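Coordinate inspection notes
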Amino acid sequence: MVKSRSRSKETMIISGNRSNLRFVSDLLITLFFWGYTIIVMIFILSATTGISNGVTRTLNTTFKTTNSEVQAVIGFGFTMFIVIYLLLFTNHLYNKKRFGQLTRRTYPKMVTERDLLSLQLMSVENIEKLQSNYVVFEKNPIISLKEEKQHEESH
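Let me begin by describing the structure that accompanies this report.

The rules behind the values
- Residues numbered from 1 in each chain as written.
- Predicted model: local features only at pLDDT ≥ 70, side-chain atom pairs only at ≥ 80, totals over all residues.
- Heavy atoms only, no water.
- Axes fitted to C-alpha atoms, helices over the stretch in contact; angles between N-to-C directions.
- Helix = DSSP H or I, 4+ residues; strand = E, 2+ residues; numbered from the N terminus.
- Parallel < 35°, antiparallel > 145°, perpendicular 65-115°, else oblique.
- Contact = heavy atoms within 4.5 Å.
- Nonpolar A, V, L, I, M, F, W, Y, C, P; charged D, E, K, R; others polar.
- Buried < 20%, exposed > 50% of the residue type's maximum accessible area, 1.4 Å probe, protein only.
- Expected span 1.5 Å × (residues − 1).

**Here we look at the packing of helix H1 (residues 20-49) against helix H3 (residues 67-99)**
It is the contact of H1 with H3, at a shortest axis distance of 8 Å, that shows an interaxial angle of 105°. As summarised for this structure, H1 and H3 are arranged roughly perpendicular, according to the angle between their axes. Of the residues in H3, those touching H1 at Phe43, Ile44, Ala47 and Thr48 are Asn67, Val70, Gln71 and Ile74. Residues of the contact of H1 with H3, tallied by class, amount to 5 nonpolar, 3 polar and no charged.

Right, here's the structure in full:
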């Protein structure tokens, strides 16, 4: 089994043919959502801190809310986050106490020629051929289970 490793250091540049209409539509959609995100963040931060500005007043009027209601929703969300975090942390402690430190799988040792021969699936010549740099077989060198059964029956 080969150990996992990082990919080659080559840089991959993917170039595609994209129409100008598609580029402009992607740009407009991206800018719209960035703007939306900034407005929502300004609204939440100013409502939480009690700072009154044009964005907060406009959104409070539009959604018929007050800063105290926004603060209550944010407090509820924060409280739920803490509760779920504590539940997961408690579950973590319980699993550690119950199952202890689990040792993870280690990579197997290198396969030797003796190990391959003990399987009796290939001849010694084929194993030596496979250990060379490059080899092409005309026929599958691995003995199938059917062939093995026939071989056993004939002896």
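**Re the side chain of Ser46**
Its location among the elements puts Ser46 in helix H1. For Ser46, a relative accessible area of 5% puts it in the buried group.

**Description of H1**
Between its first and last C-alpha atoms H1 spans 43 Å; for 30 residues at 1.5 Å apiece the expected length is 44 Å, and the two agree. Considered for burial, the residues of H1 that qualify are Phe43, Ser46 and Ala47. Buried residues along H1 sit in contact with helix H2 (54-63) and H3. Gly50 lies just past H1 and shows a positive phi near 85°.

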